Amino acid sequence: ADAETLVRRLVGRGRETADQIELRLAEAAKELPIGMDIRHLSNDGPLSETIARAAVVLGPYGPHGGVSQTENLISQPNGGETP
């Protein structure tokens, strides 16, 4: 979320002091490391829209692709590798 939305959410929840909110904003503003596969997802709208956007952003990793691959590895001895 953008800084304005984050402030509104944090103040609205009422669980953090002004100093804690400042720290959260500073952390949120930090640049991410170069070279990471970053996928941005806005969750500022209705939940149904956020879920639909997440499915597009995650691509082959979700919403079910990653889960079924993980389940396959867990259900196979040695993670599916031959000893």
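For clarity, every value in this text was computed on a predicted model and none was experimentally measured. Residue indices begin from 1 for each chain and proceed along its sequence in written order. Residues qualify for local features only when their pLDDT is at least 70, as the model is predicted, and side-chain atom pairs are given and counted only at 80 or more; totals for whole chains, interfaces and linings, by contrast, use all residues. Values reported for side chains reflect all heavy atoms of the structure, with hydrogen atoms and water molecules removed beforehand.

> Help me out: how do you make sense of the overall build of the protein chain in this one?
The helix count covers DSSP runs of H or I at least four residues long, the strand count covers runs of E at least two residues long, and both are numbered beginning at the N terminus. Scanning the protein chain for helices and strands turns up four helices and zero strands. Put simply, the protein chain runs from its N terminus to its C terminus through helices and strands in the order α-α-α-α. The buried label applies to any residue whose accessible area, calculated with a 1.4 Å probe on protein chains only, is under 20% of its type's maximum; exposed applies above 50%, and partly exposed to all values in between. Residues counted as buried form 10% of the 83 residues belonging to the protein chain. Restricting the contact set of the protein chain to residue pairs at least 6 apart, pairs at least 24 apart contribute 14%. Where accessible areas are quoted, they stem from the Shrake-Rupley method and a 1.4 Å probe; at the residue level, only the protein chains shown are allowed to cover. As displayed, the protein chain offers around 7000 Å² of accessible surface, 58% of which is attributable to carbon and sulfur atoms. Contacts are residue-level and defined by heavy atoms, with any inter-residue pair within 4.5 Å sufficient.

> How should I be thinking about the pattern of salt bridges in this particular structure?
Where charged atoms from two side chains of opposite charge come close, those side chains can pair. Here a salt bridge means any side-chain nitrogen of Lys or Arg lying within 4 Å of a carboxyl oxygen belonging to Asp or Glu. Tallying each qualifying case throughout the model produces four salt bridges. A salt bridge links E4 to R8; its shortest N-O distance comes to 3.9 Å. Of this pair, E4 and R8 both sit in helix α1 (residues 3-13), four residues apart, which is roughly one turn of the helix. What makes E4 exposed here is its relative accessible area of 61%. According to the relative accessible area criterion, R8 is exposed, its value standing at 53%. A salt bridge links K30 to E27; the nearest nitrogen and oxygen atoms lie 3.1 Å apart.

> Even after reading the chapter, I still don't get the environment of A26, so can you show me in this structure?
Structurally, A26 is set in helix α2 (residues 18-28). Exposure remark for A26: the relative accessible area of 44% places this residue in the partly exposed category. For the pair formed by A26 and A3, sequence separation is 23 residues and the distance between their alpha carbons is 9.6 Å.

> It is not clear to me how a nonpolar patch on the surface should be interpreted in this structure. Could you clarify?
Without a salt bridge and with relative accessible area above 30%, a residue can belong to a patch; like charges are then joined within 9 Å and nonpolar side chains (Val, Leu, Ile, Met, Phe, Trp, Tyr) within 5 Å. The grouping of L32, M36 and I38 at the surface amounts to a nonpolar patch, some 270 Å² of accessible area in total. With respect to the secondary-structure elements, L32 resides in the loop between α2 and α3 (47-58).

> What am I meant to see in α1 here?
Within an α-helix, residues lying three or four positions from one another point in the same direction, as the helix has 3.6 residues per turn. Every buried residue belonging to α1 is among T5, L6 and L10, and all of these are buried. An end-on view of α1 places all buried positions within 125° of arc, on one side of the element. Exposed side of α1, more than 90 degrees from the buried face: E4, R8, V11 and G12 are the residues found there. Along its buried surface, α1 packs onto α2. What the arc measures is the spread of directions leading from the helix axis to the C-beta atoms.

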